[in-house]
Amino acid sequence: MGCAPSIHVSQSGVIYCRDSDESNSPHQTTTISQGTATLHGLFIKTDAAESIPSVLAYQSRQQPPPSAGPCRKERREPGASARARAPRCCGVEVETQTSNTSVKASAKEVQIGPMRLTQDAIQVLLIFAKEDNQSDGFWWACDRAGYKCTIAQTPESALECFLDKQQEIIVIDNRNSRYFDAEGLCRSIRATKPSEHTVILAVVPRASTDQEETSVLPLLNAGFDRQFMENSSVAACYNELVQIEHGEVRSQFKLRACNAVFAALDHCQEAVEITSEDHVIQYVNPAFEEMMGYHKGELIGKELTELPKSDKNHVDLLDTINTFIKKGKEWQGVYYAKRKSGDSIQQHVKITPVIGQGGKIRHFVSLKRLHCTNENNKQLYKSHCEEKYTGENSQSESHSSKCKNRRKDSTDVKSITSQSSDAPSLQTRRYSSMARIHSMTIEAPITKVINIINAAQENSPITVAEALDRVLEILRTTELYSPQLGTKVEDPHTSDLVGGLMTDGLRRLSGNEYVFSKNMNLSHSHLSVPNTISDVPPCIAQLLDNEESWEFNVFELEAVTNKRPLVYLGLKVFARFGVSEFLNCSEATLRAWLQLIEANYHSSNSYHNSTHAADVLHATAFFLGKERVKGSLDHLDEVAALIAATIHDVDHPGRTNSFLCNAGSDLAVLYNDTAVLESHHTALAFQLTTKDSKCNIFKNIDRNHYRTLRQAIIDMVLATEMTKHFEHVNKFVNSINKPMASEETSSHNEGSDCQCTANIKNFPDNQTLIKRMMIKCADVANPCRPLELCIEWAGRISEEYFAQTDEEKRQGLPVVMPVFDRNTCSIPKSQISFIDYFVTDMFDAWDAFAHLPVLMQHLANNYKHWKTLDELKCKSLRLPSENNN
């Protein structure tokens, strides 16, 4: 095989050189220009120098293997001995993008704030008058790093190449001033616009051991960014370049991307002003210049305090603004500013502090738009539109004529916005459109509230207007009553309770379905049901004598009735409140209905069984006996509340809504994963009631009474669903507690309490809130029961949650409440979390209305009990001393 290279000259004068033994390789083509050129020691002279391009494009400059033949002898590895050279003309440039680099040149993703950028392969310009080991070291370092590398030999060709390609890194040989002035060349490059984001490296000679190292300041003053002590090692050159890439180059790349942000700011219709932490103006956009009448050169570098202020602002407005922004809080509101002409204009201003290095505020960004309520503002809009119209008139006319011919039935948007000098800008139209929306005749209550606040803002002091702005922001949110979960939720017990009780579960993750057994046909024939309340066995009657007391022990009733407390307690309570008389049904029908409802509670559930229903019924009856509650509700409300308490958990499977949704149960599908169990309880109760005339307690009341009663029952049962817990509580506090407290404070009469309840009766919505709050408190009143009852309920609910966790693990479902693992759970902790998060605030509000000192005392004692157990790291329900007793 021959090794002599083959030379080909194209018609354009470009010379192509191929090794004869690699003529088929697409990577060995070399382009040579400007007369005499050097190709790794191979010198070629051509007469076509004038017509040859000024850049040598190396498609490959690969490191040859050690066994390379004599033809490759001159393509030495870095660090090889000096190659044979011949005179060359100055100004030769060579460029390579290697094909066999160890690190492929590829685009990289870079993040700057919320902006995601793509950085292309790094380009490097080597400026060396003569090729030597040092230039080779950088060349092969670029090859290893996957950079695009170009070599230039003269200042002229180097500058031309940089302006063409704008490389990110420039390496200039500053070891010998005989060939060119490196510092002068650096200054020339720095004088160009593209060099703003380029890193320039000076290669300096290595100082001898006895020579003092020279200062780097002259290089920095000339425009260099770094110096590199002469070292031809590829590893040293590679390390230097990679450090530059990950440091200065990446920082400069991010800064270069800021040009897009500034372009957006320059074209933004809102006025934008950026100041330093000391309120020195650093940037204003054209919209700001136009609004304020200043040129940016008159503003940038000045402190805000140097600019004239309008005397129309409230005296303490600036102090208010500074108080906000110095704390890192955003401020927005209405502000009067003075233009250069001296006119005061009203602006909507939003000032946002920007946190920077060291976690300190480094900038303030102000967004401003005109608030068109005064003549100055309107005149400013008018002149703005006139200028815009004048500048675009000729273009608009020619464009409009073309459009009219092409589509006669369409309307040109530009002609609409500029057809009159009085026409407001598009931004103004948008705000006026929003105002029209809020003045529509079809209004929701919240829309009316927003309109009232908007009207009040117009003539309010600035501080009031700012406060009302924040009120409007809150009112426009969709979750008005959803709490901002605070530190309590950081406790895993509370988090699990919130997740398990206040959500409808995660998305269904498997095909498993939970099918619970119905209790439809349970028989209790071993205990006869009394025909009337007077037929109750003596032992049961004796217990029921105490049913009006809060100390009533429902577990004793459960024991003596063989787990059928609901029928007996129901007969007694319903008789006391005259339910049969109101419904016009016989006691036998009522008894049959109670028996049917109780039969559909699952006695196998440790907590959600008929004993829980009886407990909630007892609590509801107790609350109905309170004077203020009794005075606020009608007889229909009382009957609805007692029926709702009786049916509120009928056919409960002993699993939460979240479990059913995750398991894809039939009920979850039927009720679209929303209030699944509560919807089922009410639907089933009415189905069972109306299916059999013997049990239909509603059969004798007229249609209107039935519909009203049914709606009240449904509303109360759905209120026991926990996802809207805070909504119900907050509405009660704001609509009942606060107005009542206000009336009591302003009134000095003894009979003020009667006036309060009379006012509540006048508003059906308030009665609804009371009924919801009553059944919610009855449903979770366990922590307010005497300690022994509280402990028993805590054990029962925990066991039910343990069973759910066990089943979730068996079926491979998401574990909704992980802390309720029977092997690790601390029941005291779970009770503390439940009381803290759900019970305390609700019962404080209910006690303020109904006056329940006994319950609140029990709640305090029980909470103390659970806290003591928790401090002792005890997971059981009782103290060791109590267990011994």
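So, here is what we can say about the structure in this document. Residue numbers restart at each chain and count upward from 1, following the sequence in its written direction. In keeping with the predicted nature of the model, local features appear solely for residues at pLDDT of at least 70, side-chain atom pairs appear and are counted solely at 80 or more, and the whole-chain, interface and lining totals rest on all residues. Working from all heavy atoms in the structure, the side-chain values ignore hydrogens and water.

### Here's the deal with the nonpolar core
Here is step 1 of the chain: By size, the foremost hydrophobic cluster in this structure holds 108 residues, and its most contacted members are Leu583, Phe623, Ile713, Phe843 and Trp846.
Here is step 2 of the chain: Numbering of helices and strands starts at the N terminus; helices are DSSP runs of H or I of at least 4 residues and strands are runs of E of at least 2. No other element matches the 13 residues that helix α31 (residues 827-850) contributes to this core.
Here is step 3 of the chain: When neighbours within four sequence positions are excluded, Phe623 is seen to be in contact with Trp550, Val629, Met774, Cys777, Ala778, Phe843, Trp846, Leu852 and Leu855.
Here is step 4 of the chain: Here, nonpolar core refers to any group of buried Ala, Val, Leu, Ile, Met, Phe, Trp, Tyr and Cys residues whose side-chain atoms link them within 4.5 Å. Buried residues are those whose accessible area, probed at 1.4 Å on protein chains only, stays under 20% of the maximum for their type, while exposed residues exceed 50% and partly exposed ones sit between those limits. Listed in part, the 26 residues of the second largest apolar core include Ala145, Val171, Val234 and Val242. It only takes one pair of heavy atoms within 4.5 Å for two residues to be counted as in contact.

### Description of the state of the cysteines
Here is step 1 of the chain: When two cysteine sulfur atoms lie within 2.5 Å, the pair is treated as a disulfide. Within the structure shown, the criterion is met by zero disulfides.
Here is step 2 of the chain: Cys142 carries a free sulfur, and the closest cysteine sulfur to it, the one in Cys149, is 3.9 Å from it.
Here is step 3 of the chain: The class for Cys142 is buried, based on a relative accessible area of 1%.
Here is step 4 of the chain: There is no disulfide at Cys161, and the cysteine sulfur nearest it, in Cys149, is 9.9 Å away.

### Topic: the sheet that holds strand β17 (residues 331-338)
Here is step 1 of the chain: Any two strands with at least two DSSP-identified bridges between them are counted as paired. Pairing in this open sheet of five strands is antiparallel, and the strands run β16-β15-β19-β18-β17 from one edge to the other. With one partner strand each, in any of the chains shown, β16 (281-284) and β17 form the two edges of the open sheet. Adjacent strand axes in the sheet meet at a mean angle of 30° when their direction is disregarded.
Here is step 2 of the chain: Here nine bridges tie strand β18 (residues 344-355) to strand β19 (residues 361-370), and the two strands are oriented antiparallel to one another. Paired with Val354 across the two strands is His363, which belongs to β19. Angles shown run from 0 to 180 degrees and are taken between the N-to-C directions of axes, each axis being a line fitted to C-alpha atoms and, for helices, limited to the stretch in contact.

### Let's talk about the environment of Asp266
Here is step 1 of the chain: Within the secondary structure, Asp266 is located in helix α5 (residues 234-266).
Here is step 2 of the chain: When the C-alpha positions of Asp266 and Val284 are compared, they lie 8.6 Å apart, and in sequence the two are 18 residues distant.
Here is step 3 of the chain: Residues within four places of Asp266 in sequence aside, it is in contact with Tyr283, Asn285 and Pro286.
Here is step 4 of the chain: Contacts described as polar in this section are N or O atom pairs within 3.5 Å, which, within protein, must combine one atom able to donate a hydrogen with one able to accept it, while residues neighboring in sequence count only if both atoms come from side chains. A polar side-chain atom of Asp266 sits 2.7 Å from a polar atom in the side chain of Tyr283.

### Digging into the pairing of strand β15 (residues 271-276)
Here is step 1 of the chain: Burial analysis of β15 places six of its six residues in the buried class, which makes it a mostly covered element.
Here is step 2 of the chain: Bridging between β15 and β19 involves six bridges; their strand directions are antiparallel. Directly across from Ser276, in β19, lies its bridge partner His363.
Here is step 3 of the chain: With three bridges joining them, β15 and β16 adopt antiparallel strand pairing. Bridge pairing in β16 links Ile274 to Tyr283.
Here is step 4 of the chain: Joining the antiparallel neighbours β15 and β16 is a turn of four residues, in which His279 adopts a positive phi near 65°.

### Topic: the side chain of Asp173
Here is step 1 of the chain: Relative to the assigned elements, Asp173 resides in strand β12 (residues 169-173).
Here is step 2 of the chain: Apart from the residues lying within four places of it in its own chain, the contact partners of Asp173 are Ile127, Phe128, Phe180, Ala182 and Val203.

### Details of helix α13 (residues 462-475)
Here is step 1 of the chain: The first and last C-alpha atoms of α13 sit 20 Å apart over 14 residues, in line with the 20 Å expected at 1.5 Å per residue.
Here is step 2 of the chain: Within the span of α13, buried status applies to Ile462, Ala465, Glu466, Leu468, Leu472 and Leu475. A helix is expected to span 1.5 Å multiplied by its residue count minus one.

### Considerations on the environment of Asn657
Here is step 1 of the chain: Its location among the elements puts Asn657 in helix α23 (residues 657-663).
Here is step 2 of the chain: For Asn657 and Glu721, which are 64 residues apart along the polypeptide, the C-alpha to C-alpha distance reads 9.2 Å.
Here is step 3 of the chain: Reaching out from Asn657, the side chain makes a polar contact with the backbone nitrogen of Leu677 at a distance of 2.9 Å.
Here is step 4 of the chain: Within the structure, Asn657 has its side chain in polar contact with the side chain of Glu678 (distance 3.1 Å).

### Comments concerning unusual backbone geometry
Here is step 1 of the chain: With phi around 60°, Asp651 is a residue other than glycine that occupies positive phi space.
Here is step 2 of the chain: Examined against the element boundaries, Asp651 turns out to sit in the loop between α22 (635-647) and α23.
Here is step 3 of the chain: A relative accessible area of 0% places Asp651 in the buried class.
Here is step 4 of the chain: Notably, His851 is not glycine yet its phi reads approximately 60°, a positive angle.
Here is step 5 of the chain: Within the fold, His851 resides in the loop between α31 and α32 (853-871).
Here is step 6 of the chain: Of the residues examined, His851 reaches a relative accessible area of 56% and is grouped as exposed.

### Quick notes on the packing of aromatic side chains
Here is step 1 of the chain: Each aromatic pair joins two rings of Phe, Tyr and Trp (for Trp, the six-membered one) with centres within 6.5 Å, and gets the label stacked for planes under 30 degrees apart, edge-to-face for over 60, and tilted for any other angle. Applying the stated criterion across every chain, the model contains 21 aromatic pairs.
Here is step 2 of the chain: Geometrically, the ring pair formed by Phe574 and Trp593 is tilted, given 6.3 Å between the ring centres and 35° between the ring planes. In this pair, Phe574 is assigned in helix α17 (residues 565-576) and Trp593 in helix α19 (residues 587-599), connecting sequence segments 19 residues apart.
Here is step 3 of the chain: For Phe574, a relative accessible area of 1% translates into the label buried.
Here is step 4 of the chain: Given a relative accessible area of 1%, Trp593 falls into the buried group.
Here is step 5 of the chain: Between Phe622 and Phe623, the ring centres sit 6.2 Å apart and the planes meet at 65°, which makes this aromatic pair edge-to-face.
Here is step 6 of the chain: Assessed through its relative accessible area of 0%, Phe623 is described here as buried.
Here is step 7 of the chain: Three or more aromatic residues link up through ring pairs in this structure, and these residues are Trp550, Phe622, Phe623, Phe732, Trp846 and Phe849.
Here is step 8 of the chain: Think of it as a cone above the ring: NZ of Lys or CZ of Arg counts as a charge over the ring if it is within 6 Å of the ring centre and within 35 degrees of the ring normal. Sitting over the ring of Trp793, Arg796 keeps its end group 5.7 Å from the ring centre.

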